[in-house]
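Chain and residue survey
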Amino acid sequence: MKKLKKFYDQRQLHWMVLPGVAFMIVFNYIPIYGIIIAFKNYTIIDTVSSAPWVGLENFRIIMEDSFFWEAVRNTLAISLMKLFLGFAIPIILAIMIFEMRDGYLKKVIQTISYIPHFFSWIVLGGMLISWLSTSGFINQIMMSLGLMNQGVNHLLDPDKYWWIAVLSDLWKEVGWGTILYLAGMSRIDPTFYEAARIDGASKLTQIRTITLPLLAPIISLNLILNVSGLLGSNLDQTLVLMNAQNQNKSEVINSFVYRMGLTQGDFSYATAVGLGISVISIVLLVITDRITRKMNNGRSVIL
């Protein structure tokens, strides 16, 4: 009865939550039924229930598809590079901003670093295509420094694509990635730093012994989310920057699923790929959570 009374007393809050719950049911849970087409030979003239069952045939085809494994290689390479750079640099930038004493300059740097996040990849991709073209300003700078004799289109060179994808994603998201860390640092008791300064601790020692340990839960959460998303590279970025010349290095799993499903109409195959990747991502999520528990004295931040 107490629980029912508490529920009734909070009925206004539950009414506010109801639209979000309904949205999740309609767009997140009901579509899960469509996963069964991964085990069927589904075409646009079939319904989900009438399509013939083929069991694990689609997954067998995946294992033998060289183009799929090429997409896996590119996805892992780009995602791991993004993980090593895109995970550490926002922490470093957040600490640098937090330690600044000039409030106006701090706000300017934060604003400048946030701005790229609010532009879509259509806009930023167009800018990158222009900058990296034969007559783009990147070539102009490199030629003026004597690093190149003539301009080249960097996006047509497959060997450069991974670095272009990683660095452009870092440029777009590094500032936005500092928000959680800055929020966490703003809640640290200043007396910790005052006591450390009295004891003669240097700034680096304060960061190592106070800031980073108190940020451990946030760092753990971001690490878990980044590792669990290793197989989910940025589709928008890929579709904008990919071309026929660099496709063997730019095709990632998400773009492969998009191309097989929506472009070629092989819905069962694309669903099977997506289902397999989702299962692997869940496994990575659980494994990373178990590992990061050591950073939080045995406490899990998600499970």
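Residues numbered from 1 in each chain as written. Predicted model: local features only at pLDDT ≥ 70, side-chain atom pairs only at ≥ 80, totals over all residues. Heavy atoms only, no water.

Attention now moves to the UniProt feature "transmembrane region" (unreviewed entry) in the chain. In the numbering used here, UniProt assigns the feature "transmembrane region" (unreviewed entry) to residues 12-39, 76-98, 118-141, 161-183, 212-232 and 267-287. Here residues 12-39 is 64% helix and 0% strand, with 44 Å between the C-alpha atoms at its ends. For residues 118-141, the helix share is 67%, the strand share is 0%, and the end-to-end C-alpha distance is 27 Å. (UniProt positions renumbered as here; feature names shortened; annotations may be inferred. Helix = DSSP H or I, 4+ residues; strand = E, 2+ residues; numbered from the N terminus.)

According to the stated counting rule, one finds eleven aromatic pairs in the structure shown. Seen from their ring centres, F39 and F59 are 5.4 Å apart, and the 40° between their planes marks the pair as tilted. With F39 in the loop between helix 2 (11-29) and helix 3 (57-64) and F59 in helix 3, the pair connects residues that are 20 residues apart, well separated along the chain. Of the residues examined, F39 reaches a relative accessible area of 25% and is grouped as partly exposed. For F59, a relative accessible area of 21% gives the class partly exposed. Through pairs of rings, three or more aromatic residues link up here, namely F68, W69, F256 and Y269. Taking NZ or CZ as reference, K249 lies 5.0 Å from the ring centre of W162, over its face. (Phe/Tyr/Trp six-rings, centres within 6.5 Å; stacked < 30°, edge-to-face > 60°. Buried < 20%, exposed > 50% of the residue type's maximum accessible area, 1.4 Å probe, protein only. Lys NZ or Arg CZ within 6 Å of the ring centre and 35° of its normal.)

On to the pattern of salt bridges, then. Per the stated rule, a full pass over the model turns up nine salt bridges. Its salt-bridge partner being K172, residue E173 comes within 3.1 Å of it at the nearest N-O pair. A relative accessible area of 6% means that K172 is categorised as buried. For the salt bridge of R259 with E251, the shortest nitrogen-to-oxygen distance reads 2.8 Å. Here the salt bridges share partners, and the residues they tie into one network are E57, R60 and E64. (Salt bridge = Lys/Arg side-chain N within 4 Å of Asp/Glu carboxyl O.)

Before going further, it helps to examine the UniProt feature "domain: ABC transmembrane type-1" (unreviewed entry) in the chain. In this structure's numbering, the residues bearing the UniProt feature "domain: ABC transmembrane type-1" (unreviewed entry) are residues 72-288. End C-alpha atoms of residues 72-288 are separated by 20 Å, and the span's content is 74% helix alongside 0% strand.

In this section: the environment of N226. Relative to the helices and strands, N226 is located in helix 12 (residues 216-228). For N226, a relative accessible area of 35% translates into the label partly exposed. Setting aside residues up to four positions removed in sequence, N226 forms contacts with L83 and F87. (Contact = heavy atoms within 4.5 Å.)

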